[in-house]
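Structure assessment
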Amino acid sequence: QVRLVESGGGRVQPGGSRRRSCAAEGRIVGMSVREWSRQAPGKGRELVASTSNGGTRYADSVKGRFTIPRENAENTVSLQMNSLKPEDTAVYYCHFFSSNTLSDYWGQGTQVTVSS
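These numbers were taken from a predicted model, which means no experiment stands behind them.

1. Concerning the overall build of the chain
The helix and strand inventory of the chain stands at zero helices and eleven strands. Relative to the 2.2 N^0.38 estimate, which gives 13 Å for 116 residues, the radius of gyration of the chain is 14 Å and therefore close to what a compact globule would have. Its C-alpha atoms give the chain principal-axis dimensions of about 45 × 25 × 25 Å. With 116 residues in all, the chain has 41% of them scored as buried. Summarising the internal contacts of the chain: among those between residues at least 6 apart in sequence, 52% fall at separations of at least 24. For the chain, the exposed area adds up to about 6,600 Å²; of that, 43% sits on carbon and sulfur atoms. Separation between the mean location of the 15 positive side-chain charges and that of the 10 negative ones in the chain comes to 3 Å.

Here is the structure:
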């Protein structure tokens with residue numbers, strides 16, 4: 001089993017920035033999709049950003065503010081969050097998918113709180 005380790009959570013003031021990172025402790029062969037999702041209290045899980053061979057797509061709620069930077073390291077994905085709003089408060093999860101084994105790999109989730 002491959003473990004995903006997340007970092008970059010915590011509290012930030014509105015208008016601030018935060019960079020999330022996710023790295024796999026081990027090799028994921030045939031990884032084709034890297035994603036970030038979030039779940040706010042009392043709400044369902046929302047797909048925030050997804051990158052694959054077909055490009056990178058963002059949810060309308062974060063478009064223009066969040067980006068997935070290019071990574072040189074293998075089995076790694078980051079999420080740059082700018083101009084954060086209180087409604088961005090949620091638990092953020094990274095997700096990898098391997099087209100080789102048709103397997104999903106999930107991070108445990110990290111809280112991001114946007115408030116004064």
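Next comes the rest of the write-up.
2. Here's the deal with the pattern of salt bridges
With the rule as written, the count across this model stands at six salt bridges. Of the charged contacts in the structure, one is a salt bridge between Glu6 and Arg20, with a shortest N-O distance of 2.4 Å. Of this pair, Glu6 sits in strand 1 (residues 3-7) while Arg20 sits in strand 3 (residues 18-25), placing them 14 residues apart in sequence. There is no split in this pair, since Glu6 and Arg20 are both buried. Among the salt bridges present, the one from Glu46 reaches Arg38, with a minimum N-O distance of 2.9 Å. Of the residues examined, Glu46 reaches a relative accessible area of 29% and is grouped as partly exposed.

3. Concerning the side chain of Thr51
Take Thr51: it is sitting in strand 5 (residues 45-52). A residue is classified by how much of its surface remains accessible, and Thr51, at 15% relative accessible area, is buried. Of the polar contacts made by the side chain of Thr51, one reaches the side chain of Thr56; its length is 2.9 Å. Here Thr51 is in contact with Ser32, Val33, Arg34, Thr56 and Ile68, once residues within four sequence places are set aside.

4. Considering the sheet that holds strand 8 (residues 76-81)
Reading across from one edge, 1-3-8-7 is the order of the four strands in this open sheet, with antiparallel pairing throughout. Each edge of the open sheet is held by one strand with a lone partner, namely strand 1 and strand 7 (66-67). Relative to strand 3, strand 1 is paired through five bridges, and the arrangement is antiparallel. If you follow Leu4 over to strand 3, its bridge partner there is Ala24.

5. Let's talk about the confidence of the model for the chain
Summary statistics for the chain give a mean pLDDT of 94 and a share of 99% for residues scoring 70 or more. For the chain, the element scoring lowest by mean pLDDT is strand 1, at 89; strand 7 scores highest, at 98.

6. A word on the environment of Thr76
Within the element layout of this structure, Thr76 appears in strand 8. Spatially, the C-alpha atoms of Thr76 and Asp60 are 24 Å apart, while their sequence positions differ by 16 residues. Beyond its immediate chain neighbours, meaning those up to four positions away, Thr76 contacts Cys22, Ala23, Arg34, Glu71 and Phe96.

Rules used in this analysis
Residues numbered from 1 in each chain as written. Predicted model: local features only at pLDDT ≥ 70, side-chain atom pairs only at ≥ 80, totals over all residues. Heavy atoms only, no water. Helix = DSSP H or I, 4+ residues; strand = E, 2+ residues; numbered from the N terminus. Rg over C-alpha atoms; globule rule 2.2 N^0.38 Å. Buried < 20%, exposed > 50% of the residue type's maximum accessible area, 1.4 Å probe, protein only. Contact = heavy atoms within 4.5 Å. Areas by Shrake-Rupley, 256 points an atom, 1.4 Å probe, with all protein chains shown as cover. Lys, Arg positive; Asp, Glu negative; His and termini not counted. Charge placed at Lys NZ, Arg CZ, Asp CG, Glu CD. Salt bridge = Lys/Arg side-chain N within 4 Å of Asp/Glu carboxyl O. Polar contact = N/O pair within 3.5 Å; in protein donor to acceptor, adjacent residues only side chain to side chain. Pairing = 2+ DSSP bridges. pLDDT = per-residue confidence, 0-100.

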